[in-house]
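Geometric and topological summary
Chain by chain, the residues run as shown.
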Amino acid sequence: DFGIGGSEALPVELSSFVSTISGNSVTLNWTTASEINNSGFDIERSSVSGVWSKVGSVSGNGTSATPHSYTFTERNVASGSHNYRLKQIDFNGNFEYHNLSGEVNVGVPSEYAMSQNYPNPFNPSTKIDYDIPTDGNVAIILYDMSGREVSKLVNEFKPAGYYTVNFNASNLSSGM
């Protein structure tokens, strides 16, 4: 790390910045050696296209000569290669970027899975996560207790990956 303008210190000295992947969640961990006037960090992600978008933020510790550790987890990241960077922002509005070295590769699931809906109980909408390890046709159909079809949540071709479907039951009678 170096400063421009002679002996001027950098606002934040990063000592580490690493990522871990668990399924389709990416956790970023970073540590600062020191901080000067640090308001916080915006976490940004880009795909191969190179277009950056903010995916979260974490508050800083102002001015500190002691190390601080930070963590941020982005859930439900699409399969594929992604780049991450931190945009460190001072209280006066100045900012500086810190890039994660190397791409983060979110793979495809190894087996078919469908998770419990959440929230549960719900009123009137809920989400259902599902994973498919190979490309193929996916049909998720909701039936009532007597076996009648209530709703088709998904009925299309999907590439391998992690998915979430939203179900809104506002048009169904209570207790259905």
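Small disclaimer: the values here were computed from a predicted structure and weren't measured.

1. A look at the nonpolar core
What tends to happen in soluble globular proteins is that the nonpolar side chains get buried as a cluster. Within the largest apolar cluster, 18 residues are counted, with the highest numbers of intra-cluster contacts made by F17, V26, L28, W30, I43, Y84 and L86. Secondary-structure elements contributing two or more residues to this core are β1 (12–22), β2 (25–46), β4 (68–74), β5 (80–90) and β7 (104–106). Looking at which element gives the most residues to this core, the answer is β2, with five residues. Setting aside its immediate chain neighbours within four residues, L28 contacts F17, V18, S19, I43, Y70, T71, F72, Y84 and L100. With 11 residues, the next largest nonpolar core counts I132, V138, I140 and V154 among its residues.

2. What to know about unusual backbone geometry
For the bond running from N120 to P121, omega is 5°, close enough to zero to count as cis. In this structure, P121 sits in the loop between β8 (113–114) and β9 (125–132). In this chain, N123 is followed by P124 through a cis amide linkage whose omega measures 0°. Although it is not a glycine, N37 adopts a positive phi angle of roughly 60°. Residue placement: N37 occurs in strand β2. The class for N37 is partly exposed, based on a relative accessible area of 26%. Backbone geometry places N76, a non-glycine residue, at a positive phi of 55°. Mapped onto the fold, N76 is located in the loop between β4 and β5.

3. Here's the deal with the pairing of strand β6 (residues 95–99)
The side chains of a regular strand alternate between both faces of the sheet. Sheet topology note: the β5/β6 ladder contains five bridges and is antiparallel. Residue pairing in the sheet places L86 in a bridge with H98 of β6. Counted between consecutive antiparallel strands, the loop separating β5 from β6 contains four residues, among which G93 sits at a positive phi close to 95°.

4. With respect to the pattern of salt bridges
Inspection of every chain in the model, using the stated rule, returns five salt bridges. Across the salt bridge formed by E44 and R85, the nearest N and O atoms sit 2.6 Å from each other. Taken as a pair, E44 in strand β2 and R85 in strand β5 lie far apart in primary sequence, 41 residues in all. For the pair formed by E44 and R85, the shared burial category is buried. The salt bridge partner of E74 is R45, with a shortest N-O separation of 2.8 Å. Placement of E74 in strand β4 and of R45 in strand β2 is noted, with a sequence separation of 29 residues between them.

5. Some details on the packing of aromatic side chains
Across all of its chains, the model carries seven aromatic pairs by this definition. Between F41 and Y70, the ring centres sit 5.1 Å apart and the planes meet at 65°, which makes this aromatic pair edge-to-face. One end of the pair, F41, is in strand β2; the other, Y70, is in strand β4, with 29 residues separating them in the sequence. Each of the two residues, F41 as well as Y70, counts as buried. Note on Y130 and Y163: the rings are 5.4 Å apart at their centroids and 20° apart in plane angle, and the pair reads as stacked.

What counts and what doesn't
Residues numbered from 1 in each chain as written. Predicted model: local features only at pLDDT ≥ 70, side-chain atom pairs only at ≥ 80, totals over all residues. Heavy atoms only, no water. Core = buried A, V, L, I, M, F, W, Y, C linked by side-chain atoms within 4.5 Å. Buried < 20%, exposed > 50% of the residue type's maximum accessible area, 1.4 Å probe, protein only. Helix = DSSP H or I, 4+ residues; strand = E, 2+ residues; numbered from the N terminus. Contact = heavy atoms within 4.5 Å. Pairing = 2+ DSSP bridges. Salt bridge = Lys/Arg side-chain N within 4 Å of Asp/Glu carboxyl O. Phe/Tyr/Trp six-rings, centres within 6.5 Å; stacked < 30°, edge-to-face > 60°.

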